[in-house]
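# Observations on the three-dimensional arrangement
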Amino acid sequence: MTEDAKTPKMTAGMRILLFASLAANLAVVGVVAGLYFNRPDMERGGPPRGRDFVFPYTHALDEDQRRELGRSLRGRIERQRDTRGDFLAEYRTAIETLRTEPFDPAAFAATLDRQGARAERRQEEGQQMLVEYVAGLSPEQRAVYAQRLEVKISEIGKRIRKNKP
């Protein structure tokens, strides 16, 4: 018997399942990396903008606390992945809409609205997780956290005053 005859072949269905699993895992890694690398630059001159308001709260956590909260958030994202559908599908819809002639601004706006609503739900979930995490801290841990938050807010205030014309 040759070596090829002994090795079972992978079925097409198993290849598709393996590829889909890999793609889903890469999507999760991409989301987490995007959250990490696209976080706002807290060294810039102005106050946090838009949804960035939460970053002083997370930056006031110590490194271990941020990691723990991040693991919880990734776990929640992972558990909801199947129930929330493919977030990239909305981008694909937007691309199709952009390429369609005549261009339908209402369809494009609806896609952006769905993406915005999804982002808002994620933000609300993240805020709820932060509240739950802080609620689990001891009074002493919360006092230390409040002190670190006060320092972060003071730093932001100094940067704003320094960069005002």
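Note: the structure precedes this text.
Here is a short report on the structure shown in this document. As the structure is a prediction and not an experimental result, all values here were calculated from the model.

Here we come to helix α6 (residues 105-135). Between its terminal C-alpha atoms α6 stretches 44 Å, which fits the 45 Å expected from 31 residues at 1.5 Å a residue. Taken together, the buried positions of α6 are T111, Q115, R118, E125, M129, L130, Y133 and V134. The N-cap residue of α6 is D104: its side-chain oxygen and the backbone nitrogen of A106 are 3.2 Å apart.

A few words now on the nonpolar core. Grouped together as the largest cluster of nonpolar side chains are twelve residues: V54, F55, A60, L61, L69, M129, L130, Y133, V134, L137, Y145 and L149. Listed by contribution, the elements that provide at least two residues to this core are α6 and α7 (139-163). The element that contributes the greatest number of residues to this core is α6, accounting for four residues. Residues contacting L149, with those up to four places away along its chain left out, are P56, Y57 and A60.

Below, the discussion takes up the side chain of T97. Tracing the backbone through its elements, the reader meets T97 in helix α5 (residues 88-99). Take T97: its relative accessible area is 11%, and that puts it in the buried class. In this view, T97 contacts F103, D104, A107 and F108; residues no more than four positions away in its chain are not counted.

The full count for this structure, using the stated rule, is four salt bridges. Its salt-bridge partner being R66, residue E63 comes within 2.8 Å of it at the nearest N-O pair. Within this pair, E63 and its partner R66 are both found in helix α4 (residues 63-84), separated by three residues, close to a single helical turn. Residue classification places E63 among the partly exposed residues on the basis of a relative accessible area of 42%. The class of R66 is partly exposed, set by a relative accessible area of 29%. As a salt-bridge pair, R67 and D64 come within 2.9 Å of each other at their nearest N and O atoms. Here D64 and R67 lie together in helix α4, a separation of three residues that amounts to about one turn. For R67, a relative accessible area of 43% puts it in the partly exposed group. Three or more residues joined by partner-sharing salt bridges are found here, namely E63, D64, R66 and R67.

Definitions and cut-offs
Residues numbered from 1 in each chain as written. Predicted model: local features only at pLDDT ≥ 70, side-chain atom pairs only at ≥ 80, totals over all residues. Heavy atoms only, no water. Helix = DSSP H or I, 4+ residues; strand = E, 2+ residues; numbered from the N terminus. Expected span 1.5 Å × (residues − 1). Buried < 20%, exposed > 50% of the residue type's maximum accessible area, 1.4 Å probe, protein only. Polar contact = N/O pair within 3.5 Å; in protein donor to acceptor, adjacent residues only side chain to side chain. Core = buried A, V, L, I, M, F, W, Y, C linked by side-chain atoms within 4.5 Å. Contact = heavy atoms within 4.5 Å. Salt bridge = Lys/Arg side-chain N within 4 Å of Asp/Glu carboxyl O.

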